[in-house]
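One-letter residues, chain by chain:
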Amino acid sequence: MKKFSEMEYVRPDTEQAKKELAALTEQLKKAETYEEARAAFLEMDKGNRHVMTASTIAQIRHDINTKDAFYDGESKFWDSEMPKLQEAMMPFVMAMLESRFRPQFEEEFGDLYFRNAEIQLKSFSPAIVEDMMEENRLTSEYEDLLASAQVPFEGKTYTLSQMTPFKNDPDDARRLAAWQAEGQWYKDHQEQLDSIYDSLVHLRDRMGRKLGYDGYTELGYYRMGRNCYDRNDVEKFRNAVQKYLVPVAAEVFEEQAVRLGKTYPMSYADNALEFRSGNPKPQGSAQDILKAGLKFYNELSPETSKFFNTMMDYELMDVLSTEGKRGGGYCTGLYDYNVPFIFANFNGTQGDVEVVTHEAGHAFAAYMNAERIPSDYIWPTMEACEVHSMSMEFFAENWADDFFGSDARKYRYSHLAGALKFIPYGT
Ligand SMILES: [Zn+2]
């Protein structure tokens, strides 16, 4: 195993990959025995893993430093190449769906591949390849613009992520000033942001129509890989959230307003402060948070211990917030190496601990599933993913003292309240 910084990035020959994929499709179609069909399937998965690994390494390195010209170029290459690779994959997917060995495949690999393949057919057509390339380009442009933000505040400049601690400051005037400073950056870039967003909305609407839907919504559901519920189910869920959870969440906010001596509903700036004495703050430096994380995973189970030590030893977490780094956090996978990778922006707030618990919860699920075939099985859908991450946050509550010291009690309240408030927001 190599450390992330030592992993070599070479842009794969994607034209060659497409030719190989076409040959494997023929092999699958002509297979006389399950063994032959299976060999084509395994070869396809291996090739897929390799291409995905290269594109992910390029993406991560671009996100870590959006100013790096080489990886900026590679990121742009993958933005336009990925939809073409997906197009090249479709004949293989169709051959799988039509294969007379489907029962044997289902027996060995489960039927999920086929269920997802049917959804893939509903969400893709060569007619939208150009649109998908444009979609990737616009999405990257939006992210790069946010990553480039330099917000002047109290005589210095900060990235959006670095502004977070000021936006939680217990001093009312300072906190409000931070929100206004950040808001000013958005206002200054409103035209650019709105125009990208508007282009994306129209583009996606067009993609939906090209595929025969009324607009984007139905296509969006398929693209999210929702293979066991639909719009009607979501509607019922939303109604239940509104009926049962919104009142509870409102109560949490009302109590917060009383604690702060404010009137409900509060401003964004006041919503951000949970306790008059300040939000729970992790103790120590970024290194201390990772150390507390290591203790937690070491004590939780032998599996989580092995996992987190691997993440630390092989530099599979990039968590410091630096200039030019893309905002937010995510977890992804480096399939050739059978390991996940965590990208985050530590900024001295409780969010840092949630990277070590939440994102690492995703990472642990991926780590345990790393060798699954096909590689599409490594990750559940976007929603099901959150079961692993949010469970890990709750497992970690017993270790809150290590992360937060004397603020642990405030953290436990804030975490539980946050989980409740998130559901109305997230739906
Ligand atoms: Zn998550």
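Predicted model only: the values in this text are computed from it and were never measured. The numbering scheme is per chain: residues are counted from 1 as the chain's sequence reads. Per-residue local features of the predicted model are confined to residues with pLDDT of at least 70, and side-chain atom pairs are confined, for both listing and counting, to 80 or more; whole-chain, interface and lining totals are unaffected and use all residues. By convention in this description, side-chain values take in all heavy atoms of the structure and omit both hydrogens and water.

Lay out the overall build of the chain in plain terms, naming residues and giving numbers.
When helices and strands are counted, the chain shows 18 helices and five strands. The C-alpha radius of gyration of the chain comes to 23 Å, within 12% of the 22 Å expected for a compact globule of 427 residues. Principal-axis analysis of the C-alpha atoms places the extent of the chain at approximately 75 × 50 × 50 Å. Note on exposure labels: buried denotes an accessible area under 20% of the residue type's maximum, exposed denotes more than 50%, and partly exposed covers the range between, all computed with a 1.4 Å probe on protein chains only. Here the chain holds 427 residues, and the buried ones make up 47% of them. Throughout, the Shrake-Rupley method with a 1.4 Å probe supplies accessible areas, and for residues the shown protein chains are the sole cover considered. For the chain, the accessible surface area stands at approximately 21700 Å², while carbon and sulfur atoms represent 53% of it. When the 48 basic and 71 acidic side-chain charges of the chain are each reduced to a single mean position, those positions are 2 Å apart. Every helix listed is a DSSP run of H or I at least four residues long, and every strand listed is a run of E at least two residues long, numbered separately from the N terminus. Here the globule rule is a power law, 2.2 Å times the number of residues to the power 0.38, and the radius of gyration is based on C-alpha atoms. When charges are tallied, Lys and Arg are placed among the positive residues and Asp and Glu among the negative ones, while His and the ends of the chain are skipped. By convention, the point assigned to a charge is CZ for Arg, NZ for Lys, CD for Glu and CG for Asp.

Outline the coordination of the zinc ion, listing residues and values.
Any nitrogen, oxygen or sulfur atom within 2.8 Å of a metal ion counts as a donor, with the limit raised to 3.2 Å for Na, K and Ca, and since water is left out, coordination shells can look unfinished. In this structure, His 358 (NE2), His 362 (NE2), Glu 386 (OE) and Glu 386 (OE) serve as the protein donors to the zinc ion, at separations of 2.1 to 2.5 Å. Only two sets of limits are used to name each site, 85 to 135 degrees for every angle of a tetrahedral four-donor site, and over 155 degrees for opposite donors with all other angles from 65 to 115 for a square planar four-donor or octahedral six-donor site, with any other site named irregular. Taken together, the four donor atoms coordinating the zinc ion and their angles of 53 to 140° define a geometry best described as irregular. Within one chain, the residues serving as donors to the zinc ion are arranged as H-x3-H-x23-E. Of this pair, His 358 sits in helix α15 (residues 350-368) while Glu 386 is found in helix α16 (residues 385-395), placing the two residues 28 residues apart along the sequence. Its relative accessible area of 14% is what places His 358 among the buried residues. Note on Glu 386: relative accessible area 28%, which makes it partly exposed.

Please set out the domain arrangement of the chain residue by residue, giving values where relevant.
Start and end positions for the domains come from either an automated domain assignment or a database one. Taken as a whole, the chain is organised into domain 1 (4-122), domain 2 (140-244) and domain 3 (286-426). Once you take the C-alpha centre of each, domain 1 and domain 3 turn out to be 27 Å apart. Contacts between domain 1 and domain 3 engage 25 residues on the former and 28 residues on the latter. Both sides together, the interface formed by domain 1 and domain 3 hides about 2200 Å², and carbon and sulfur atoms give 54% of it. Whether two residues are in contact is decided by their heavy atoms, any of which lying within 4.5 Å being enough. Here the quantity called buried area is the accessible surface, traced with a 1.4 Å probe, that two parts lose on coming together, added over both.

Describe the pairing of strand β4 (residues 330-334), with residues and values.
With five of five residues buried, β4 is to be regarded as a mostly interior element. Side-chain alternation along β4 places Tyr 330, Thr 332 and Leu 334 on one buried face and Cys 331 and Gly 333 on a second face that is also buried. Pairing between two strands requires that DSSP report at least two bridges joining them. Pairing of β4 with strand β5 (residues 339-346), which is carried by five bridges, proceeds in the antiparallel orientation. Across the sheet, residue Gly 333 finds its bridge partner in β5, namely Pro 340. In textbook terms, the turn of a hairpin is the stretch between consecutive antiparallel strands, and for β4 and β5 this stretch comprises four residues, one of which, Asn 338, has a positive phi near 55°.

An account of the packing of helix α3 (residues 69-98) against helix α5 (residues 112-123) is needed here, citing residue identities and associated values.
Between N-to-C directions, angles span 0 to 180 degrees; the directions come from axes that are lines fitted to C-alpha atoms, helices contributing only their stretch in contact. The geometry of α3 relative to α5 is characterised by a closest axis approach of 10 Å and an angle of 130° between their N-to-C directions. Viewed along their axes, α3 and α5 adopt a mutual orientation that is oblique. Crossing of α3 against α5: the hand is left-handed. Counting all contacts with α3, which are made through Met 90, Phe 92, Val 93, Met 94, Met 96 and Leu 97, the residues of α5 involved are Tyr 113, Phe 114, Ala 117, Glu 118, Gln 120 and Leu 121. To sort the angles, those under 35 degrees are grouped as roughly parallel, those over 145 as roughly antiparallel, those from 65 to 115 as roughly perpendicular, and the leftovers as oblique. Crossings are assigned a handedness: left-handed for a near helix turned anticlockwise from the far helix by less than a right angle, right-handed for a clockwise turn.

Help me get a handle on the pattern of salt bridges, residues and values and all.
For this document, the term salt bridge refers to a Lys or Arg side-chain nitrogen within 4 Å of an Asp or Glu carboxyl oxygen. For the structure shown, the criterion picks out 37 salt bridges. Salt-bridge contacts for Lys 167 lead to Glu 182; the nearest nitrogen and oxygen are separated by 3.0 Å. Of the two residues, Lys 167 sits in helix α7 (residues 160-167) while Glu 182 sits in helix α8 (residues 172-188), which places them 15 residues apart along the sequence. Just as Lys 167 is buried, Glu 182 falls in that class too. One salt bridge connects Arg 412 with Asp 401, and the closest N-O pair in it is separated by 3.2 Å. With Arg 412 in helix α18 (residues 408-426) and Asp 401 in helix α17 (residues 400-404), this residue pair connects regions lying 11 residues apart in the sequence. By relative accessible area, Arg 412 is classed as partly exposed at 29%.

Before we move on, could you go through the packing of aromatic side chains and cite the residues and values that matter?
Ring pairs are drawn from Phe, Tyr and Trp, using the six-membered ring of Trp, whenever the two centres fall within 6.5 Å, and their geometry is named by plane angle: stacked under 30 degrees, edge-to-face over 60, tilted for the rest. Scanning the entire structure with this criterion turns up 28 aromatic pairs. Between the aromatic rings of Phe 105 and Phe 109, the centroid separation amounts to 6.3 Å while the plane-to-plane angle is 35°, which identifies the pairing as tilted. Here Phe 105 pairs with Phe 109, and both are found in helix α4 (residues 102-109), just four residues apart, close to one helical turn. Note on geometry: a ring has a charge over it if NZ (lysine) or CZ (arginine) is within 6 Å of the ring centre and within 35 degrees of the ring normal. One residue, Arg 11, lies across the ring of Phe 77, its end atom 3.7 Å from the ring centre.

Account for the nonpolar core, with residues named and values stated.
Within soluble globular proteins, side chains that are nonpolar tend to cluster in buried spots. What is meant by a nonpolar core is a set of buried Ala, Val, Leu, Ile, Met, Phe, Trp, Tyr and Cys residues, joined one to another through side-chain atoms within 4.5 Å. By size, the foremost hydrophobic cluster in this structure holds 47 residues, and its most contacted members are Phe 307, Leu 334 and Phe 403. Here this core spans two domains, and each of domain 1 (4-122) and domain 3 (286-426) adds at least three residues to it. Among all residues touching Leu 334, those that are not within four sequence positions of it are Phe 4, Met 7, Thr 53, Thr 56, Ile 57, Ile 60, Leu 316, Val 339 and Phe 341. The next biggest cluster of nonpolar side chains, apart from the first, holds 29 residues, and it includes Leu 145, Tyr 158, Met 207 and Tyr 222.

Can you explain unusual backbone geometry? Please cite residues and give values.
Keep in mind that most residues, glycine aside, have a negative phi and that most peptide bonds are trans. Here Tyr 264 and Pro 265 are connected by a cis peptide whose omega angle stands at -5°. Among the structural elements, Pro 265 can be located in the loop between α11 (231-260) and α12 (268-271). With a phi angle near 50°, Glu 154 is a residue other than glycine that sits in the positive phi range. Checked against the element boundaries, Glu 154 lands in the loop between β1 (151-153) and β2 (156-158). A positive phi angle is found at Glu 315, which is not glycine, with a value near 55°. Assignment of secondary structure puts Glu 315 in the loop between α14 (302-313) and β3 (317-320).

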